[in-house]
Structures are given as C-alpha cells and as structure tokens.
Amino acid sequence: MAWLVVRLAITVSLLYTASAVFEDQVGKFDWRQQFIGKVRFALFDTHSQASKKLLVATDKNVFASLNSRTGDLFWRHVDKTGPEGHIDALLMYGQDAVVVVGNGRLLRSWETTVGGLKWEAVLDTGSFQAAALVGVQDFVKYVAVLKKSAISLHDLSSGSQIWVENLPDSDTVQYQTIYSGGNGLVFVLGFVPNSHIVIVEYKIEDGEIMKKKSVEAAWMSSLENSCAVISSGILLCVDQITQSLYTLPLQSAEQTEMRQIHLQTLDLEVASGFPPVLTSTQPNPAQPPLAEFFLQLSPDHHILLQLKDGLIAPLRDFNPSYLAAFATSGEKTVAAVMSPKNDTACSINLFSADTGRRHLDTTIIYHMDPNGGKPNRLYVHAFLKKDDSVGYRVMVQTEDLTLTFLQQPGRVVWMREEALADVVTMEMVDLPLTGTQAELEGEFGKKADGLLPMVLKRLSSQFILLQAWMAHLWKLFYDARKPRSSVKNEVTIDTLSRDEFNLQKMMVMVTASGKLFGIDSKSGTILWKQYLENIQPNSIFKLIVQRTTAHFPHPPQCTLLIKDKDTGLGSLYVFNPIFGKKSHISVPALPRPVLQTLLLPVIDQDYAKVLLLIDDQYKVTAFPSTKNVLQQLQDTASSIFFYLVDTSQGKLSGFRLRMDLSTELIWEVVIPTEVQKIVAVKGKRANEHVHSQGRVMGDRSVLYKYLNPNLLAVITESTDTHQERSFVGIFLIDGVTGRIVHEAVQRKARGPVHFVHSENWVVYVYWNSKFRRNEFSVLELFEGAELYNSTVFSSLDRPHPPQVLQQSYIFPAPISTLEATLTEKGITSRHLLVGLPSGNILSLPKMFLDPRRPEVVSEQSREENLIPYAPEMPIRTEWFINYNQTVSRVRGIYTAPSGLESTCLVVAYGLDIYQTRVFPSKQFDVLKDDYDYVLISSVLFGLFFATMISKRLAEVKLLNRAWR
Amino acid sequence: MKTRVRSRVCACVALLLLFVVHASFSHEDIKLLEDYETSEDLDVRVQVSGRAVVPWLRAQDWISSARVLLDGDKHVGFIRDDGGFTVSDVPSGSYVLEISSPTYRFQPVRVDITTTGKMRARVVNYIKTSEVIRLPYPLQMRCVGLHSYFIPRETWGWSDFLMNPMVLMMVLPLLIIVLLPKVINPSDPEMRREMEQSMNMLNSNQELPDVSELVTKFFSPPKSQGRPGGGARVPRGGAPSVRGGAPRRRGKTNMAVSYTE
C-alpha cells in the first residue's frame, strides 16, 4: 500500500517536473544526422535497372542500404562494436546480401529491400580468410567460407551448412583465397612463404578433395593482392622483386610450374618499394572471370591488360591514374579510371574492358576539396541506357572519409561526411554579431561623451533597429507570397549572425580521422571543414576555446591540441572557429610529451586566454607567450595550481607554478595500483554558474552548499574483478591542497562508471554485480547551516569538512553516457541527460537524485518539495528528448548554455549526431510556442466592446432615470 | 605531503535500501539460482533465441529498425523476417534482453544461462532480483503498445473555461442576482410573509441591533436617523441582495487573490 502511495506521489510530482516534447515541436529546433562510418565494402544493386540501392558495410560494424539518388539511408543495421561485430565480407546476389561477421563467426543473409534478416548461421571458430559465392550451372546456390584451417559450404537460400572440410596441412600452408568458376569445383589457394603454392580442389556436392597439387613459387610472399584468377581458371601472380608475371592454369595436370613473363617484355616496370596490385573481375559468380585485368605498378599508374591465348597483351596504359575499377551492367563490363586533370580536379573516364577503347562523352570531372584529402576508393555503378550504351555513376571515397556520388558531367548528386561518425570532441562557439548588433552593443560599452551626442546616438541606433525591423517585415511579407517550396533558408558563412537569444551557435567538431567541421547548430549545415593531414590514427584531441567572439575586432580563436597516444608528443593547431581558417599565430614547439593543459582566466592584450602546457619534465609552456602574458603570470604564479594524474602508478600529484614558470610539487596522493586503479578524474566545468548558495529547508533555515571550484572527483575500480570482491571507489580531492574531502566505496560493484561532477554534487552510475543492475548514486556536499566565508572560497582556508549526503537508486536500464544540463546563470533546475544504448536520451530531473529524499514523508519535506524515496528510478518515454530520433552508439553529450536562461543546447554524438534544446524548468522566460494570441486578443476586444456597450447602456439608463 | 589511501575505505553515508528476499521458492529453484550465479569464467557460449511479434503488423514492416539487445549493447541480435531472432555467442550469466525499436514497446525479459548452458527466462524485477517468475523459453516477445514520446498540449475549450472554479464563482452569484428576483415575486404578499419569516429565523434575535447599523448610527449625523435605511431589516428587495451580495463579495475577493497569485 505504501508502495502504491509512493508511486502515486511520484506520478503526481512528475506532472510538474516533466519537460517533454510536444508533438508539434518535432523538427522545429532539433535535427539528426545519421552516419555509417568508413566504407569497407560497397555494392550497387545491379539486379534491376531502376534499383536505387547501394549496400555498404563499414568499419563501424554497420551494414546499411543507401539511396543512391539522394544519399539517404533506406535502413541501417548497427552491430555491436569491437571485433565480434566486425564485417569481414559482403557478397551480393540478386535480392540477397550475405555478410560474414566477427572474424568468420556468423554468416548472415539479408533481404535488401526491407532490410530484414533472412537467416543467420553460426560457423566454427577460426580466423576468417575469404568468402565467395559458388555457382553451379549458371545459378548461384552456395556460399563458401574459407577459414584458416577449414572450408565450409552453405546453402544460399536457407543458410544450412552443406559440408565442412578441414584443409590439408593447414599448420604450414596459409590458405588465403577461394575461387569457383561455376564448373562444380571450388579451388582453395594457399601458399608456403618463399616455397610453393598449394591448390586444393573440392567437389561442390560433398566436399570431397578431387585434387591437390603444389607448385614451386620461391618468390611468393603474399597471395592476397598480388594474385588473381582470370579467364577460365588461370592463376595470375605478380612479383615485384623478379619484376615478372606468373601464370598457372588451375586445372591442368601437366603444368607443374608457373610460367614466368617478364614485365620488361611488356615494357613495364613496377615502381620500387610499391607492392603491385592485380585487380580482376568476375561479373557472375557462376561463370569464370574475364580475361582482362588491371595491374597497378605505382600509386598513380594503372595498366589494363588482357590474357589471350596464353599471351598477355596491354590494352591501355593509364599513366597517370589514381584509381581504377571494373563495373558490369548486363553483358557489358567497363572500366572506370580516375586520372588527374589539374591541381584541383580529376577526370573519370569509362573504357570498355574487352578492348580498352574509351567510351565517348563519358567524362566525369571530380573537383577535389582543397581542404580535404585525396580520393582513395572508387565505386562504379554502370547501367545500360535506352540506346544500349553504358552510362555510369561513381562514388568516390577520400582519405578524410567523404563519400561523393557523381554523375555526368560532374554533377555532385550527394555527399556524405562519414568522418562525423566518429566525433571525438566538440565545442560550441557563439556566432559573431552583425554590424547593427555590434553598433548597439558598442553604445553601452563606450565612455559617455556628453548628453546630446548620447541622445543622438541612441536615436540613430533606434532608427537602425526600426529599419532592420521594417526590412524583416518586408521579407516576411515577400516570402509569404512565394510558394513555400521556393523559400530557402540557405545558411552560408556570410549570412551567419547571432540570433536574439543566442540559440544558434557554431558547433566545432573534431573527428578521429583528423577532420574538423564547423556546423550550424540550427540547421545542421556543414559550414566549413578542414582536413588535417598526417594525423596518427590513435591521436588524442583536446579542443580549447581561447578567445570567444565577444572581442571584436579580434577574431575568435580555438586551439586544438593533437597528441600522439604512444609517444605523447603533441602539436597545436590554431584556427578561427567561425570560418575554419588556420591562424597565422606562431605556435610554440612542443619537443616533449604534454601531460596536462590548463586554460587560465588570465588574458593577454588581445583578449586571448592563456593556455599552459605542462610537459613530462614539469616545465610549463605558455601560449600565447608574449611579454604581457609572462608579466601577468609572474604576478599570479603563486595562485596557479594544477594536478597530474598517473594512472599506471596510481598517483595524483599537485603542483604550483613558480615565478620563473618552473613548478614545485606540493602534494601527492597514491592510490595503490595493486588494489584499485584510477579510471577517471573530473573537475567541474569552468563555465558553470551556481545561482543559489544554499537550499532553503522546510523550517526556513538554509543549508549552504559546499561550492569548492577546485574539487576533483576521482573514480577508481578494483583490480579484482570477481563479483564478490570487486568495488568502485570515489574520492573527492581538493586540487589545490590535495586534501581528501570525502571518499566512498560501493562494494560488489564494477564499471564502467559514468559520472557527472557539478555544483556541489557528484552523480555516478555503476554496475551492481550482486544484483545485476545499474545503480545511480548521488553525493551532495554541504557546508552546513553557516557559511565559513561567504565572499570568497579558498581551498587553503576551510577548516570544517563538508557534510556529505549520499543516496543510491536503481536505474532500470543500461547506460552509455551521462551529462548534466547547463544554463546561462544556473537558475533553472538541472536535469541529467542519460544516453541509453537503445539510442534514446533521457532527461532525468536532478530532483530525483537528491540525497535528501526522505523515506518517511514529513511536513517539512513536503514543504521543501522533496519526492519521497523510492529505490527504483522511473524511466518514462515522455522524458526522451529525442523521441524516435534515436542516436546510435551515443558516446558523448555536449551541453551549452544559450542566451535564454530556460534553454540549454544539447548535442549528442556517437554514430549519429543529434542536436536539440531542452527546457528543464519549461520555457519560463519566453512565450510558449502555443501561446494563444487569438484568445487573448479576442478577450481583449470583447472586454473593450463590452465596456463600450455597457457604457452606452448606462448612459441611456441614466437619461431615462433623469426623465422620470 | 604524502597521503596514502588505504584500500579499506569507510562505508557510505546512505546506502541503498536492502530488500529482504523471502525464501519462498522451492529448494530446486534455489539450487538453480546458485547455479546461475556462479562465475562466468567457463567458456560456454550459447544461443538465445525467441520470437518477437507486433500483432497488428507484418514482420517486414518493423524489423528493419529493431534490434535485440542483451545488457545494453553487449550482445546484439537482429530479427528475422519471420519475427524470430537469435543472439549468438552469449557466455553464461544473467542478462536482460530487450527489443529496441523506436516505435514499438516490448517488455524486457531476464535470461539466465548456467555454466552448463542451461537457460531460463523470467520477469525482470530490479528490486527483488532473485525473484523467479518464469517465462516461456524460447522467448515470446509481444509488443505491448507504442512508445508515447509526446505529451498533449493543453487545449482551450469552452467546457474547461466554464468549469473553472473561478468562473463558476463569478457566474453563479450573477445568475442568482439576475434570476432570483424574477423567480420570486416580491410583490406577492404571501411570499413576502414567508420571506420575512425566514429572515426572522435567520436573525433570531431581531431586537439586537446590527453591528454595522450601530456603527453607522454612531458616526452618522443625527438627521439621517429618520431615513428608512439599513439593509438587514428592510425586507423588500433586501433579502436577495443580502443573500446574493455576500457570496458576490467573496467571489470578488477571491478573484483578487487569484490574480496576485
């Protein structure tokens, strides 16, 4: 019964705290962009001419179908991360696509029109080598999967395994390729390095080994790229050292060694240090491949060759050429070759594969993005036109993971920026003011120069405002007359300006591939992009806003610290976040690994905040390091402290800056690594405001918050992972003095721990391994009924330890990420934004995570609006701020305040990017969207007329009375 | 200054409420439970399979956006076009299986896998985690409705307006003032007598002067005394005004309060 009452109380309280989305707000201020990642396999559906399907499998373990006309997703299947969801191969036949997943563990067949799974088969363990479709008598019936030591054949329509056979001598022979020419046989090719090639022939019906032979090949070091099967089963290999091509008919019994053809006889030569690549094509898996093939001799030299009557003849030499690919439509096979045209453009041409003759009027001009990377993959979609000639479209993938889909004569049909599937870090930067806005702002900043000029100035600025308003009205009127579709709100970099409430900002996103993006937060349009070349794939990025847009005419300035994960060596990249242009400011060289960065509130004469970089010898580099800055640093050095974390030794250490920019160690906390390891350390956000110093209790007394800006939350996990002995620890450490303010342990718990540290509280989530559930725990720190020093907080002068309250709750769902909302002045109540693996983002009122929630309701707790304690946290779908716009694999949530106190801007990123606004205390400072203007004006007019009429009536009555 | 943190740390201020589990299940069940709770070290990999149904839809209309998730995205499965699903390579342990679909809502199910690969399904209960309410295995997941992401807007209707207590308080007295004199004919002598009687009943002690009257008498100049005045004792037309007037005044003050709120 009591339980019921609690439930009831919660539901009642929810009605007032919930900040849900209204149905009519859909798409008004939120947007989502879906990504797939770096494409590893892409196949165009050539099954029917009208098909728009493009199937892709990516390195993010995503298998998707794109609309090749628009670039939108038809459907997308996101598998689990890591090697277990890794897509090894993608094969397509008719309406079905077969995908090999998880190092050959799973075989899945998908129906490609609706994206449904047809069947799934579990394969034996073993590292995956190759997969191929196998046809018998012009029909593709099977799929063969080659593992390191076994080969299996599966039925294509049901997935059932026909047979599985162990490969002979699999411990010495590396089997790498599989080939079937539609003649009832499957060939498995393997080799022993620098010794011989092994060819095993299997019968399709029962997996019986028909033949096994080994051929001498002392030069052989790899099969995969340097060998190909062409024309009715002839193995062709290329070797760089001997500068030769080798051929061997797979089925012939008499030929026992490979025939060598010197490349010199063809007037060819492989570039030194470049492993040559052979590319063949087998348009129909039930038929042998074509006799034509590409040989790549150097990064920009391809040649189309043909094997005819045992002789290899060059059909066409493409020098220079970046990329080449085959495509088939109907009976015709063509080759598309991309060659450089000039410095900024490439031309793609179509050649018929069997003759090497160029098709007329097939040139596509591909313009390379000057801020992007080089093209590195070419996918061709060939189709037959009405006049039976071959038309084609191409998809180009570049180093910076841009997919561009082009059609003749070079029109970009669509473009996808797949680098955004892996956003590492981001910041939101205010947009610059327009001239008018700057004028108005400037009025208040400047010194007064007399009454009359001030009045004139005021009038002139009001006039400007009036003008702008009239222009706005005119535009509204003008747009209203035009049909809706033709009105375009194109956002370009030139029209960017801050809106009234600063709701529109520039999102600066840093991706793992080293590409930076500037995205308009209102529409999601990419306004600028910049690819940083030579970024190591496992770099760590840190983005710092050094100067905001507030300091006109100085441009805003962002600094990106790029750090190599292995060496720790860093470099700085300074750019303008609004235009994406690199700044020409001299950047300090960082010869030593950077351990810590520190953005000081100290500003130089150009209003840029000073960034301190601490290297592994505890030397400090300031950026910018002008004389002015150094002078200021000397003055304030005694009050600059920083901390370093060494997780390998479990050591936290605090340092103080000296006058000469050297440092001194002042404290050290060691957390023994044999018991527990530090997993995360977080301070508070620098731009966070706390509006109220305390909380008013039910008896009208005040409980003051412990607002220590130097507090660090340190999360540890036990090294013992046994479910009975594992634990999660939390330490609250003062970053200046090293004093441990509080420590707590959650027994029988393990990570991953997600936590938020803000104001006077820390919220963390862990996995309770005993009860197998996620639990939220909240720590709140209070000074007590009196403040020690209410004017200024000093870590060095706080004699009383804070009172710590803690409460834990069950959270009935797994969690991907956690963040708290942030508003301009901190008046609005806080919400926690919880990213769930299902892709939803839950906005959970902080009210539910209040350690003062009473178990027994009293008069005072009711007065304070405390919700009675309930062990289980409610999850309501109305609290999902992204309704059905799920964000796959949400990895981070970024929150930024807007100009409106009620509004917080939220960006969730992962595989997708979702931007929205949340109103934790509803929109209390602006009129609601559904504000009923009609009602209010009708009431006003009604009252007005009522007064008029009643006045008239009263007059008449008075007159009548006077007559009586 | 070196502070060495001991591995043994103090207990938390407020711990989670512990729920006493009633040992209500049979001996067999407990044994099974222990079996389920043993460590996950042994490398048993099993397939979890079941069927998901949205009763009013064909499978191909909803499965492309749905996934089967075990403990978040630790293990992922996809739904076949006949509604069936299998999640492969799941090691022993206890998992919460849910069908994640942006449109359709399913109840999650807890799946326990023993180290020997035995499986059972039960109702998810995060509070009493050891409570066993068995569910059929292979799993039968049935859609229980649509997700409701939106809350309806407060709409404005005449009925809302009229049923508002503030409006009622204003309108009813108005009606009484306007209608009552028409219903009750004050010129009818019988009615007048009746009303007088009822008034007398109300003011049981008629001789006792009204306080307001007293005060008026006290402050007013002596010549006004002769005038027939004062509300209470004049029955003609006075009664309605007294009856209606009081609530009306109350209504007005209430209005004022409500505006300041």
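The structure presented is a predicted model; accordingly, all values stated were derived computationally and were not measured.

## Brief notes about the overall build of chain A
Here is step 1 of the chain: Scanning chain A from N- to C-terminus turns up 6 helices and 62 strands.
Here is step 2 of the chain: Taking the principal axes of its C-alpha atoms as reference, chain A extends roughly 125 × 85 × 70 Å.
Here is step 3 of the chain: Burial status across chain A gives 54% buried among its 964 residues.
Here is step 4 of the chain: Distance between charge centroids for chain A: 6 Å, based on 95 positive and 99 negative side chains.

## Some words on the interface of chain B and chain A
Here is step 1 of the chain: Every contact between the two is made by 57 residues of chain B and, on the other side, 78 residues of chain A.
Here is step 2 of the chain: Summing both partners gives a buried area of about 6,000 Å² for chain B against chain A, and 57% of it is carried by carbon and sulfur.
Here is step 3 of the chain: A per-residue breakdown of the area chain B buries against chain A is headed by Phe78, Tyr149 and Arg153 of chain B, which together make up 14% of the total.
Here is step 4 of the chain: If you look at where chain B meets chain A, you find 2 salt bridges.

## A short note on the packing of aromatic side chains
Here is step 1 of the chain: Taken as a whole, this structure holds 30 aromatic pairs over all chains when the rule is applied.
Here is step 2 of the chain: Both rings, one in Tyr706 of chain A and one in Phe793 of chain A, keep their centres 5.8 Å apart while their planes meet at 80°; by these two values the pair is edge-to-face. Taken together, the positions of Tyr706 of chain A in the loop between β49 (702–705) and β50 (711–718) and Phe793 of chain A in the loop between β55 (773–784) and β56 (803–811) put the pair 87 residues apart, joining distant regions of the chain.
Here is step 3 of the chain: Given the relative accessible area of 4%, Tyr706 of chain A is considered buried.
Here is step 4 of the chain: The exposure class of Phe793 of chain A is partly exposed, given its relative accessible area of 21%.
Here is step 5 of the chain: A ring pair is formed by Trp62 of chain B and Tyr104 of chain B, whose centres lie 6.3 Å apart and whose planes are at 70°; its orientation type is edge-to-face. Remark: Tyr104 of chain B occurs in strand β7 (residues 104–106) and Trp62 of chain B occurs in the loop between β2 (45–53) and β3 (67–70); sequence separation between them is 42 residues. Neither residue differs from the other here; Trp62 of chain B and Tyr104 of chain B are each classed as buried.
Here is step 6 of the chain: The ring of Tyr894 of chain A has Arg685 of chain A lying over it, and the distance from NZ or CZ to the ring centre is 5.7 Å.

## Digging into the sheet that holds strand β43 (residues 620–623) of chain A
Residues and elements named next belong to chain A.
Here is step 1 of the chain: Taking strand neighbours across the sheet as the criterion, the 3 strands line up as β41-β42-β43 in an open arrangement whose pairing is antiparallel. Strands with a single pairing partner mark the edges of an open sheet, and in this sheet they are β41 (594–603) and β43. In this sheet, adjacent strand axes meet at a mean angle of 25° when their direction is disregarded.
Here is step 2 of the chain: Where strand β42 (residues 609–615) and β43 come together, 4 bridges link them in antiparallel fashion. Counterpart to Leu612 in the pairing with β43 is Ala622.

## With respect to the nonpolar core
All names here are of chain A.
Here is step 1 of the chain: The biggest cluster of nonpolar side chains holds 39 residues, and the ones touching the most others in it are Met395, Met507, Met509 and Ile913.
Here is step 2 of the chain: What Met395 contacts, discounting residues up to four positions off in sequence, is Ala42, Phe44, Leu54, Arg377, Leu378, Tyr379, Leu403, Thr404, Phe405 and Trp414.
Here is step 3 of the chain: Val756, Leu833, Val834 and Tyr869 belong to the second largest nonpolar core, which has 38 residues in total.

## Here's the deal with a nonpolar patch on the surface
Here is step 1 of the chain: Taken together, Met170, Val171, Leu172, Leu174, Leu175, Ile177, Val178, Leu179 and Val183 of chain B make up a surface patch of nonpolar side chains, about 790 Å² in accessible area.
Here is step 2 of the chain: Tracing the sequence through the fold places Met170 of chain B in helix α3 (residues 165–183).

## Describing the state of the cysteines
All names here are of chain A.
Here is step 1 of the chain: Tallied over the entire structure, the rule returns 1 disulfide over all chains.
Here is step 2 of the chain: Linked covalently through their sulfurs, Cys227 and Cys237 form a disulfide whose S-S length is 2.0 Å. Judged by the sign of its S-S torsion, about 110°, the bond between Cys227 and Cys237 is right-handed. Here the residue Cys227 occupies a position in strand β18 (residues 227–230), and Cys237 occupies one in strand β19 (residues 234–239), the gap between them amounting to 10 residues.
Here is step 3 of the chain: For Cys237, a relative accessible area of 0% corresponds to the buried category.
Here is step 4 of the chain: Cys558 takes part in no disulfide bond, and the closest cysteine sulfur to it belongs to Cys904, at a distance of 19 Å.

## A closer look at the environment of Met454 of chain A
Residues and elements named next belong to chain A.
Here is step 1 of the chain: Looking at the element boundaries, Met454 is found in helix α3 (residues 451–481).
Here is step 2 of the chain: For Met454, a relative accessible area of 36% translates into the label partly exposed.
Here is step 3 of the chain: The spatial distance from the C-alpha of Met454 to the C-alpha of His154 is 86 Å, given a sequence separation of 300 residues.

## Examining the domain arrangement of chain B
Here is step 1 of the chain: As far as domains go, chain B holds domain 1 (45–146) and domain 2 (157–195).
Here is step 2 of the chain: Relative to domain 2 of chain B, the C-alpha centre of domain 1 of chain B lies at a distance of 64 Å.

## Observations concerning unusual backbone geometry
Keep in mind that most residues, glycine aside, have a negative phi and that most peptide bonds are trans.
Residues and elements named next belong to chain A.
Here is step 1 of the chain: Here the residue pair Phe623 and Pro624 is connected by a cis peptide bond, since its omega of -5° sits within 30 degrees of zero.
Here is step 2 of the chain: You can see Pro624 is positioned in the loop between β43 and α4 (627–636).
Here is step 3 of the chain: Positive phi values are uncommon outside glycine, yet Lys748 reaches one of about 50°.
Here is step 4 of the chain: Classification of Lys748 by relative accessible area gives partly exposed; the value is 25%.

What counts and what doesn't
Residues numbered from 1 in each chain as written. Chains lettered and ligands numbered in written order. Predicted model: local features only at pLDDT ≥ 70, side-chain atom pairs only at ≥ 80, totals over all residues. Heavy atoms only, no water. Helix = DSSP H or I, 4+ residues; strand = E, 2+ residues; numbered from the N terminus. Buried < 20%, exposed > 50% of the residue type's maximum accessible area, 1.4 Å probe, protein only. Lys, Arg positive; Asp, Glu negative; His and termini not counted. Charge placed at Lys NZ, Arg CZ, Asp CG, Glu CD. Contact = heavy atoms within 4.5 Å. Buried area = accessible area lost by both parts, 1.4 Å probe. Salt bridge = Lys/Arg side-chain N within 4 Å of Asp/Glu carboxyl O. Phe/Tyr/Trp six-rings, centres within 6.5 Å; stacked < 30°, edge-to-face > 60°. Lys NZ or Arg CZ within 6 Å of the ring centre and 35° of its normal. Pairing = 2+ DSSP bridges. Axes fitted to C-alpha atoms, helices over the stretch in contact; angles between N-to-C directions. Core = buried A, V, L, I, M, F, W, Y, C linked by side-chain atoms within 4.5 Å. Patch = residues over 30% accessible without salt bridge, like charges linked within 9 Å, V, L, I, M, F, W, Y side chains within 5 Å. Areas by Shrake-Rupley, 256 points an atom, 1.4 Å probe, with all protein chains shown as cover. Disulfide = S-S within 2.5 Å. Domains from an automatic or database assignment.

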